[in-house]
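Structural features, examined
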Amino acid sequence: MKKMWAPWRMEYIIKSEKEKGCLFCKKAKAKNDRRNYLLYRSKKSYCILNLYPYNNGHLLIAPYRHVKNIESLTDAEICDMFLVAKKVVAALKKTLKPEGFNVGINIGKVAGAGVLGHIHMHIVPRWKGDTNFMPILSDTKLVSQSLDDTYAVLKKHL
């Protein structure tokens, strides 16, 4: 078996063992948007970079209010989240030039939700050929741009 060195994962492992409380509520209340990769704030929701992305430019949109499921969102929150999605998709198209997107909300653990208590939307840019032999043969996904660089490029357009 081949091993890939990924030292940045240690921070995730250590943090996930120690952190208490809701990740999305903490990010929304934090003062340093740059350090937290918070890209855009609207009235009812905000957009951040996913720290462990499926693809470069993988974004998360969450309401400020701690809401567990979709039926608990107000109409204003739903509209706001989709208006933020519209804005960030336009920024992604301008900057990273993806050929498509996966947009979705994972509700419940069996649906793939990593954060169960606070609903959020995923925006995942896609390119032809963005899946290759690495995930199939070595269970490894390559992301070609650092979070700092992605943040800087997108922030200019938001």
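Our structure is the block above this text.
What comes next is a walk through the structure. What you see is a predicted model; the values in this text were computed from it and never measured.

**What to know about the pattern of salt bridges**
One pass over the structure, following the stated rule, counts three salt bridges. Between R65 and E77 there is a salt bridge, with the nearest N and O atoms lying 2.8 Å from each other. In this pair, R65 sits in the loop between β3 (59-63) and α3 (75-95) while E77 sits in helix α3, placing the two residues twelve residues apart along the sequence. Relative accessible area serves as the criterion here: at 4%, E77 is assigned to the buried category.

**A short note on the pairing of strand β1 (residues 38-41)**
For β1 and strand β2 (residues 45-49), the ladder comprises three bridges, and the chain directions are antiparallel. Among the inter-strand pairings, R41 is bridged to a residue of β2, identified as Y46. Between β1 and β2, which pair antiparallel one after the other, the connecting turn spans three residues.

**So, the packing of aromatic side chains**
As enumerated under the stated definition, the model contains two aromatic pairs in all. Judged by centre distance (6.1 Å) and plane angle (65°), the ring pair of Y37 and Y151 falls under edge-to-face. Placement of Y37 in the loop between α2 (23-29) and β1 and of Y151 in helix α5 (residues 147-155) is noted, with a sequence separation of 114 residues between them.

**Some details on α5**
Side chains that are three or four residues apart share a direction in an α-helix, a result of its 3.6 residues per turn. Of all the residues in α5, the buried ones are T150, Y151 and L154. The buried residues of α5 occupy one face: seen down the axis, they fall within an arc of 100°. Residues of α5 that are buried in the fold lie against β1, β2, β3 and α3.

**Some points on the sheet that holds β3**
Taken in spatial order, the five strands of this open sheet run β1-β2-β3-β5-β4, and their pairing is antiparallel. On the outer flanks of this sheet lie β1 and β4 (100-104), each paired with one strand and no other. This sheet shows a mean twist of 20° between the axes of neighbouring strands, independent of strand direction. Across five bridges, β2 lies against β3 in antiparallel orientation. If you follow L49 over to β3, its bridge partner there is L59. The sheet strands contacting α3 are β1, β2, β3, β4 and β5 (121-126), and the helix crosses β3 at an angle near 160°. Most of the contacts of α5 go to β1, to which it runs at about 30°, and overall it touches β1, β2 and β3.

**Some points on the pairing of β2**
The buried count for β2 comes to five of five residues, which makes it a mostly enclosed element. Of the two faces of β2, the one lined by S45, C47 and L49 and the one lined by Y46 and I48 are each fully buried.

**Digging into empty space enclosed by the protein**
Tallied over the full model, the rule gives one cavity of 30 Å³ or more. When its volume is computed, the largest cavity comes out at roughly 30 Å³. Lining the largest cavity are eleven residues; nearest its centre among them are P53, N56, G57, L147 and T150. Residues that form the lining of the largest cavity fall into these classes: four nonpolar, seven polar and no charged.

**Overview of the nonpolar core**
General note: in soluble globular proteins, nonpolar side chains tend to be found buried as a group. Core analysis: the largest hydrophobic core is formed by 21 residues, its most contacted members being L59, I61 and I123. When residues of this core are traced back to their parent elements, those giving at least two are β2, β3, α3, β5 and α5. The element best represented in this core is α3, accounting for seven residues. If we skip the residues at most four places from it in the chain, I61 touches S45, Y46, C47, M81, V84, A85, V88, H120, M121 and I123. Counting nine residues, the second largest nonpolar core, distinct from the first, contains C25, A28, I48 and A62.

Definitions and limits used
- Residues numbered from 1 in each chain as written.
- Predicted model: local features only at pLDDT ≥ 70, side-chain atom pairs only at ≥ 80, totals over all residues.
- Heavy atoms only, no water.
- Salt bridge = Lys/Arg side-chain N within 4 Å of Asp/Glu carboxyl O.
- Helix = DSSP H or I, 4+ residues; strand = E, 2+ residues; numbered from the N terminus.
- Buried < 20%, exposed > 50% of the residue type's maximum accessible area, 1.4 Å probe, protein only.
- Pairing = 2+ DSSP bridges.
- Phe/Tyr/Trp six-rings, centres within 6.5 Å; stacked < 30°, edge-to-face > 60°.
- Arc of directions from axis to C-beta.
- Contact = heavy atoms within 4.5 Å.
- Axes fitted to C-alpha atoms, helices over the stretch in contact; angles between N-to-C directions.
- 1 Å grid on protein atoms, 1.4 Å probe; cavity = no way out; pocket = protein on both sides within 12 Å on 5 of 7 lines; lining within 4 Å.
- Points joined across faces, edges and corners; volume = space filled by probe spheres on them.
- Nonpolar A, V, L, I, M, F, W, Y, C, P; charged D, E, K, R; others polar.
- Core = buried A, V, L, I, M, F, W, Y, C linked by side-chain atoms within 4.5 Å.

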